[in-house]
Amino acid sequence: MIVPREGGDLRWGFSTLGCPELSLPQVARLAAEFGVSEIEVRALERRTDFPRYAEEEKLSPEAANRLLKTFRGRIVVAGSDFKLIGASKLDRAMFLSFCDWAEKWNIPYVRVFGGGTFGKPLIEADYAEAAGNVNWWREEKRKQNWRTEILLETHDAFSSSPPCVRLSAGLDEPLGVIWDSHHTWRLANESPAQSWLMLCALVKHVHFKDSIDQPSERHAFTYVLPGAGQVPIAEIMALLRRENFQGAVSLEWEKMWHAYLPDLREALTYMRTQTWFGNQDRVAVSNAVVSQASAFPGLNSPTV
């Protein structure tokens, strides 16, 4: 059992990978029900093309912000597919549109992948290409006067800490990181303490999930309920508390990619029964928020 300090000291969040079928109002209500304030948007109504989605659904930044304020939540990360290695001109154009949407919605971070393949060492040309794309984006950011920042996830060829550190060290300014603590532990065989020692100056956001070393359809491991597997999640959470981590700690429940997983609600319920979210006062406030906001449009789905 993972027990937080009194009051629930971590800023809990989840990725909409776990509920890709839901609309933004439904996601916001689900988060409020469990006292989760940080939302990481990866899919909405099975769409990932958020600029077009927002336009077609007539979901303005003002409406989105009003909705999130109603449920006492916020979108802290928008998950893009952009890769620093292998991006085409079209990829760049689409990414700029994505970032423009994130800026208008007041989303502080946009996630990017490094690209490449884990287990295949990166060469100098790979690092140069990745740095070139970071520098290109930063120049565009200056031109547009954006506040949104990009964060590199420990994923693909950057699933271990050293490549992330090396790329950042070659830039004029450090590149923030999303620490996917499952990847650095499961794939790179790094202990949480080792990863944190290397990445702590860069980490702005944390992903966590759990698994067992039993093959599944897509991986050499199988995802399980958080805290029920082999990943040292208790150690990770203790480290983040000890270091007074101020970013969001987000459950990346990959239901969108792995149909065998139960619904996100089951994972969140399991976490609540294990007292991950703190004391009952937090739950009571969450229930009150949901009740007060129950008349908000778009909340008629039986899945919520």
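Residues numbered from 1 in each chain as written. Predicted model: local features only at pLDDT ≥ 70, side-chain atom pairs only at ≥ 80, totals over all residues. Heavy atoms only, no water.

### Some thoughts on the overall build of the chain
So, point 1. When helices and strands are tallied, the chain shows eleven helices and ten strands.
So, point 2. For the chain, the proportion of its 304 residues judged to be buried stands at 53%.
So, point 3. Within the chain, counting contacts between residues at least 6 apart in sequence, those at least 24 apart form 78% of the total.
So, point 4. For the chain, the accessible area works out to roughly 13,700 Å², and carbon and sulfur atoms hold 51% of it. (Helix = DSSP H or I, 4+ residues; strand = E, 2+ residues; numbered from the N terminus. Buried < 20%, exposed > 50% of the residue type's maximum accessible area, 1.4 Å probe, protein only. Contact = heavy atoms within 4.5 Å. Areas by Shrake-Rupley, 256 points an atom, 1.4 Å probe, with all protein chains shown as cover.)

### As for the environment of Q246
So, point 1. Inspection of the secondary structure puts Q246 in the loop between α9 (233-242) and β10 (248-251).
So, point 2. Q246 gets classed as exposed once you look at its relative accessible area, which sits at 52%.
So, point 3. Separated by 2.9 Å, the side chain of Q246 and the backbone oxygen of N244 make a polar contact. (Polar contact = N/O pair within 3.5 Å; in protein donor to acceptor, adjacent residues only side chain to side chain.)

### Regarding the packing of helix α6 (residues 161-169) against helix α8 (residues 192-199)
So, point 1. Where α6 meets α8, the closest approach of the two axes is 9 Å, and the angle between their N-to-C directions is 5°. Considered as vectors, α6 and α8 are oriented roughly parallel to each other. Residue-level inspection shows S161, P162, C164 and V165 of α6 in contact with α8, the latter providing S195, M198 and L199.
So, point 2. Grouping the constituent residues of the contact of α6 with α8 by class yields five nonpolar, two polar and no charged. (Axes fitted to C-alpha atoms, helices over the stretch in contact; angles between N-to-C directions. Parallel < 35°, antiparallel > 145°, perpendicular 65-115°, else oblique. Nonpolar A, V, L, I, M, F, W, Y, C, P; charged D, E, K, R; others polar.)

### Let's talk about the environment of K255
So, point 1. Tracing the backbone shows K255 in the loop between β10 and α10 (264-273).
So, point 2. Along the primary structure K255 and T16 are separated by 239 residues, whereas in three dimensions their C-alpha atoms are 8.9 Å apart.
So, point 3. Once residues lying within four places of it in the same chain are set aside, the contact partners of K255 are L17, G18, L261, P262 and D263.

### A few points about the pattern of salt bridges
So, point 1. According to the stated counting rule, one finds 17 salt bridges in the structure shown.
So, point 2. Its salt-bridge partner being E38, residue R74 comes within 2.9 Å of it at the nearest N-O pair. One end of the pair, R74, is in strand β3 (residues 74-83); the other, E38, is in strand β2 (residues 38-41), with 36 residues separating them in the sequence.
So, point 3. R74 gets classed as partly exposed once you look at its relative accessible area, which sits at 35%.
So, point 4. K141 is paired through a salt bridge with E149; the nearest N and O atoms lie 2.4 Å apart.
So, point 5. One network of salt bridges, with partners in common, ties together D180, K209, E252 and E254. (Salt bridge = Lys/Arg side-chain N within 4 Å of Asp/Glu carboxyl O.)

### Some words on the confidence of the model for the chain
The predicted coordinates of low-pLDDT regions are not to be read in fine detail.
So, point 1. Confidence along the chain averages 91 in pLDDT terms, with 88% of residues attaining 70 or more.
So, point 2. Note that pLDDT drops below 50 for residues 1-7; the model gives that stretch 21 contacts with residues more than four away or on any other chain.
So, point 3. In this model residues 279-285 is a low-confidence stretch, pLDDT under 50, and it forms ten contacts with partners more than four residues away in sequence or in other chains. (pLDDT = per-residue confidence, 0-100.)

### Concerning the packing of aromatic side chains
Aromatic ring pairs are defined here through the distance separating the ring centres and the angle between the ring planes.
So, point 1. In total, this model carries 13 aromatic pairs according to the counting rule given.
So, point 2. For the ring pair F50 and F98, a centre distance of 5.8 Å and an interplane angle of 45° mean the geometry is tilted. Of this pair, F50 sits in helix α2 (residues 50-56) while F98 sits in helix α4 (residues 89-104), and the two are 48 residues apart along the sequence. Each member of the pair, F50 as well as F98, carries the same accessibility label: buried. (Phe/Tyr/Trp six-rings, centres within 6.5 Å; stacked < 30°, edge-to-face > 60°.)

### Let's talk about the packing of helix α5 (residues 124-144) against α6
So, point 1. Interhelical geometry of α5 versus α6 gives an angle of 60° and a closest axis separation of 10 Å. The pairing of α5 with α6 is recorded here as oblique in orientation. Here α5 and α6 pass one another in a crossing that is right-handed. Counting all contacts with α5, which are made through E124, Y127, A130 and A131, the residues of α6 involved are P163, R166 and L167.
So, point 2. Per-class residue counts for the contact of α5 with α6 are five nonpolar, no polar and two charged. (Left-handed = near helix turned anticlockwise from the far one by under 90°.)

### A look at the pairing of strand β5 (residues 149-153)
So, point 1. Of all five residues making up β5, four are buried, and the element is well covered by its neighbours.
So, point 2. Here four bridges tie strand β4 (residues 109-113) to β5, and the two strands are oriented parallel to one another. Of the residues in β5, the one forming a bridge with V112 is L152.
So, point 3. You can see the chain leave β4, run along α5 and come back into β5, and the turn it takes is right-handed.
So, point 4. For β5 and strand β6 (residues 177-180), the ladder comprises two bridges, and the chain directions are parallel. Residue pairing in the sheet places L152 in a bridge with V177 of β6.
So, point 5. Crossover handedness for the path β5 to α6 to β6: right-handed. (Pairing = 2+ DSSP bridges. Right-handed = clockwise from strand over helix to strand, strands pointing away.)

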